[in-house]
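Overview (structure and organization)
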Protein chains: 2
Amino acid sequence: MSLLVVGTVAFDDVETPFGRAEKIVGGAATYISLAAAYFTKSVNLVSVIGDDFPEETLDHMRASGINLDGLQVKAGEKSFFWAGRYHQNMNDRDTLDTQLNVLADFDPVLPEAYRNANYVMLGNLTPAVQMRVLDQLAVRPHMVVLDTMNFWMNTAMEELLEVLKRIDVLTINDEEARQLSGERSLVKAAEVILRMGPRFLVVKKGEHGALLFSENQIFFAPALPLAEVFDPTGAGDTFAGGFIGYLASTQDTSFENMKRAVIYGSAMASFCVEKFGVERVKSLNDEMITDRVLRFVDLVNFDARL
Amino acid sequence: MSLLVVGTVAFDDVETPFGRAEKIVGGAATYISLAAAYFTKSVNLVSVIGDDFPEETLDHMRASGINLDGLQVKAGEKSFFWAGRYHQNMNDRDTLDTQLNVLADFDPVLPEAYRNANYVMLGNLTPAVQMRVLDQLAVRPHMVVLDTMNFWMNTAMEELLEVLKRIDVLTINDEEARQLSGERSLVKAAEVILRMGPRFLVVKKGEHGALLFSENQIFFAPALPLAEVFDPTGAGDTFAGGFIGYLASTQDTSFENMKRAVIYGSAMASFCVEKFGVERVKSLNDEMITDRVLRFVDLVNFDARL
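Residues numbered from 1 in each chain as written. Chains lettered and ligands numbered in written order. Predicted model: local features only at pLDDT ≥ 70, side-chain atom pairs only at ≥ 80, totals over all residues. Heavy atoms only, no water.

1. Side note on the overall build of chain A
Looking only at helices and strands, one finds 10 helices and 13 strands in chain A. In terms of overall dimensions, chain A is globule-like: its C-alpha atoms have a radius of gyration of 18 Å, near the 19 Å expected for 306 residues. Once the C-alpha set of chain A is aligned to its principal axes, its extents read approximately 65 × 45 × 35 Å. Expressed as a percentage of the 306 residues in chain A, the buried residues total 60%. Taking the intrachain contacts of chain A between residues at least 6 apart in sequence as the baseline, contacts between residues at least 24 apart amount to 64%. Looking at chain A as shown, the accessible area adds up to about 11900 Å², and 48% of this sits on carbon and sulfur atoms. (Helix = DSSP H or I, 4+ residues; strand = E, 2+ residues; numbered from the N terminus. Rg over C-alpha atoms; globule rule 2.2 N^0.38 Å. Buried < 20%, exposed > 50% of the residue type's maximum accessible area, 1.4 Å probe, protein only. Contact = heavy atoms within 4.5 Å. Areas by Shrake-Rupley, 256 points an atom, 1.4 Å probe, with all protein chains shown as cover.)

The following block contains the structure:
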């Protein structure tokens, strides 16, 4: 019944039109595991950090039920670092700096207890590293979700196509779906991508919501219209964490349940953007999450009276 | 129980990545009234054309139940003409040519029988002309919907603000909502705009759907993901026609019913983009519309199981 989460645990410098934050805790696996831990208490993390990472954050993760046995700590080395600046529209951003540090030669090693995971979330990383994780699994999981980005499409397409054959759900944004498929229409893009391996495709459209595609079904979840968006960093990873966390907790991969998982993911992402970094995602409880999901129900619910 | 529709009836040249069409029938009021006529059989049109406009289209409109008594035909003059080219993304477009022709000195005159309209749709026009229409009404309608665009915000803001005080629903796109309010967040933009007069705001986001705001409620309707979008021209007007047509036919301005109206408008718009010009909007029937609305139900429907 366990969930395996693989991805970066890192530092970010973030600049938005509303302010800036320096050397705050970030990283895909940090957001994913913190979000997923609200749904399932057996989150097993695989990542790598230097000895510069704050013990306080690690303590919080452990207290949230996240198993850090698979977190490598490299003495004398520095954690992965990313710096970015968001444009006025908060959708586009420029990467100002990327320091791979410990990530440069990251070789993920799954502790024995992780190898029977039935839900796996592969956060955005080199496709070859994502493949290395799948190779260490003792059994075929119920569901493997993979996140990736345009950078790997530009630099490691062959490896990416290989790993896509071995997963169940791909999560990418709309522009990445277009790039990967060569199709402008997301409906056509989904057809092409679903032939590459995954049974499901989640297209993340930021403030415009998310689409879930299977071979013959489509589901759309809006983003919650918010008065203030402070920092979009990690929203996609928080979405993924809520999505896979909900699926792992319910052990149900029917399309009906995946629709709910998309809504839970969207609800978690709507919290993430309200403050810088992981601050908001660290401070939730079940009641807040339920209230937020109810706002999604209100937002899209209508009686067609047909 | 009648619906008054005011706006342009015109010719368009349209160029998209999929092809081009020359001197096809267009105009806001054409799309609005054709879409609305599927819902209510008392559509009263006010507009102006030259004697160059095809009788066949007018016959089709009459046969659809659209009253053309308020359509002025200027002998020896030419109808309004617009030419535009869509970018590869189909969201942005450049205006290549605008010939006002008969529109230059359009003075809308409401036939006596039109003056008791209880639903009014003011298509995109000079705010002063929209105001002239309201001045001729004998009674305050149940609902006045106004569509406008950034051009009038740039050139006739004072008149626009005056007419906004006298309407119930404003329909604009997301960038126009931001421009009109000076707020980036659509939630904040809606707060500002609802203080300008209208009780409801519809923000049209094209392929990203539409938002309906009242003072304390928000509803979101997606756009239907389509494999092919041939021509977005008129989609916003077709949305407006379905929206006001549904409201006029149900005579119910509750928020619950306005949500349904937004879905019907979105369904009508999803047809519009499938072919060039009004071709698709002219060729529908009730069953096709119901089937399309059911696709919207499927697209967003989920059971939160809370």
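2. As for the pairing of strand β10 (residues 169-173) of chain B
Residues and elements named next belong to chain B. Counting buried positions over the five residues of β10 gives four, a clear majority of the element. Note: strand β9 (residues 143-147) against β10, three bridges, orientation parallel. Bridge pairing in β10 links Val 145 to Val 169. Of the strand pairs in this sheet, β10 and strand β11 (residues 200-204) are connected by five bridges, and their pairing is parallel. Looking across to β11, one finds that Val 169 is bridged to Phe 200. (Pairing = 2+ DSSP bridges.)

3. A look at the packing of aromatic side chains
Residue and element names in this part refer to chain B. Evaluation of the coordinates by the stated rule reveals 19 aromatic pairs over all chains. Considering the side-chain rings of Phe 239 and Phe 243, the 6.0 Å spacing of their centres and the 10° angle between planes classify their relative orientation as stacked. A residue pair is termed a helical-turn pair when its members lie 3 or 4 positions apart in one helix, as Phe 239 and Phe 243 do in helix α8 (residues 235-250) at four residues. Accessibility assignment for this pair places Phe 239 and Phe 243 in one class, buried. (Phe/Tyr/Trp six-rings, centres within 6.5 Å; stacked < 30°, edge-to-face > 60°.)

4. Overview of the sheet that holds β10(B)
For sheets, the rule is that strands pair by backbone hydrogen bonds, running either parallel or antiparallel. Residue and element names in this part refer to chain B. If you trace the nine strands from one edge of the open sheet to the other, you get β5-β4-β1-β8-β9-β10-β11-β12-β13, paired in mixed fashion. Of all the strands in the sheet, just β5 (66-74) and β13 (218-221) have a single pairing partner and so form its edges. Taken pair by pair, the neighbouring strands of this sheet meet at an average axis angle of 15°, ignoring direction. (Axes fitted to C-alpha atoms, helices over the stretch in contact; angles between N-to-C directions.)

5. Description of the environment of B:Thr126
As for its position among the elements, B:Thr126 is in the loop between β8 (119-122) and α3 (127-135). In this structure the C-alpha to C-alpha distance between B:Thr126 and B:Tyr31, which are 95 residues apart in sequence, comes to 18 Å.

6. Let's talk about the pairing of strand β4 (residues 43-50) of chain A
All names here are of chain A. The element β4 is extensively covered by neighbouring structure, given that eight of its eight residues are classed as buried. Side-chain alternation along β4 places Val 43, Leu 45, Ser 47 and Ile 49 on one buried face and Asn 44, Val 46, Val 48 and Gly 50 on a second face that is also buried. In this sheet, β4 lies alongside strand β1 (residues 3-6) in parallel orientation, the contact comprising four bridges. Pairing of Val 5 across the sheet is with Leu 45, part of β4. Of the pairings in the sheet, the one linking β4 to strand β5 (residues 66-74) comprises seven bridges and is parallel in character. In the sheet register, Asn 44 faces β5, and the bridge partner there is Asn 67. Once you follow β4 into helix α2 (residues 55-63) and on to β5, the crossover reads as right-handed. (Right-handed = clockwise from strand over helix to strand, strands pointing away.)

7. Some words on helix α9 (residues 255-272) of chain B
Between its terminal C-alpha atoms α9(B) stretches 25 Å, which fits the 26 Å expected from 18 residues at 1.5 Å a residue. Within α9(B), 17 of the 18 residues are buried, leaving the element largely enclosed by the surrounding structure. (Expected span 1.5 Å × (residues − 1).)

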